[in-house]
Amino acid sequence: MSWEEIKITMSDEVKQTLENRHIPEDDIKKVIDQAESDGKKLFQPDSDLFLSKRRLGNYTVYVKYSLQGDSYLVHTAYQHRAKIQ
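Conventions used here
- Residues numbered from 1 in each chain as written.
- Predicted model: local features only at pLDDT ≥ 70, side-chain atom pairs only at ≥ 80, totals over all residues.
- Heavy atoms only, no water.
- Pairing = 2+ DSSP bridges.
- Helix = DSSP H or I, 4+ residues; strand = E, 2+ residues; numbered from the N terminus.
- Buried < 20%, exposed > 50% of the residue type's maximum accessible area, 1.4 Å probe, protein only.
- Lys, Arg positive; Asp, Glu negative; His and termini not counted.
- Salt bridge = Lys/Arg side-chain N within 4 Å of Asp/Glu carboxyl O.
- Contact = heavy atoms within 4.5 Å.

S.K.: Quick one: what's the story with the sheet that holds strand S5 (residues 71–80), residue by residue and with numbers?
M.R.: Taken in spatial order, the 5 strands of this open sheet run S1-S5-S4-S3-S2, and their pairing is mixed. Strand pairing shows two members of the sheet lacking a second neighbour, strand S1 (8–9) and strand S2 (42–44), which therefore form its edges. Where strand S4 (residues 59–68) lies against S5, 9 bridges are found, and the strand directions are antiparallel. Directly across from Thr60, in S5, lies its bridge partner His80.

S.K.: Give me the side chain of Asp27: which residues, what numbers.
M.R.: Mapped onto the secondary structure, Asp27 falls in helix H2 (residues 25–38). It turns out Asp27 is buried and unbridged, and the closest side chain with the opposite charge, Lys30, is 4.2 Å from it. With residues near it in sequence (within four places) discarded, Asp27 still touches Leu56, Tyr59 and Val61.

S.K.: Let's hear about the pairing of S5: which residues, and what values?
M.R.: Direction of pairing for S1 relative to S5: parallel, over a ladder of 2 bridges. What sits directly across from Ile8, in S5, is Tyr72.

S.K.: How would you summarise the pattern of salt bridges if you had to cite specific residues and measurements?
M.R.: As enumerated under the stated definition, the model contains 2 salt bridges in all. For Asp70, the salt bridge identified is with Lys7, shortest N-O distance 3.1 Å. Separated by 63 residues along the polypeptide, Asp70 in the loop between S4 and S5 and Lys7 in the segment before S1 bring together distant segments of the chain. On the basis of relative accessibility, which here comes to 47%, the residue Lys7 falls in the partly exposed class. Between Glu36 and Lys41 there is a salt bridge; the shortest N-O distance is 2.7 Å.

Dropping the structure here:
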């Protein structure tokens, strides 16, 4: 499955947050795709939440999500443009 085929859902509040933070849904899908492909993600067992990150161009996107049937429920996301060396 490619990142374009990933199904995500989110509340209107989360959609507005992502819009305010200038994080497109395609970037969210790319982060989730990488996390699910390589398994590099944090898991919070008591809430079934995952946290993953991916460097996209000159910024890093972090996504907190959970599984919801055959899609992913996005709880929040944020980004930063700092590069730690």
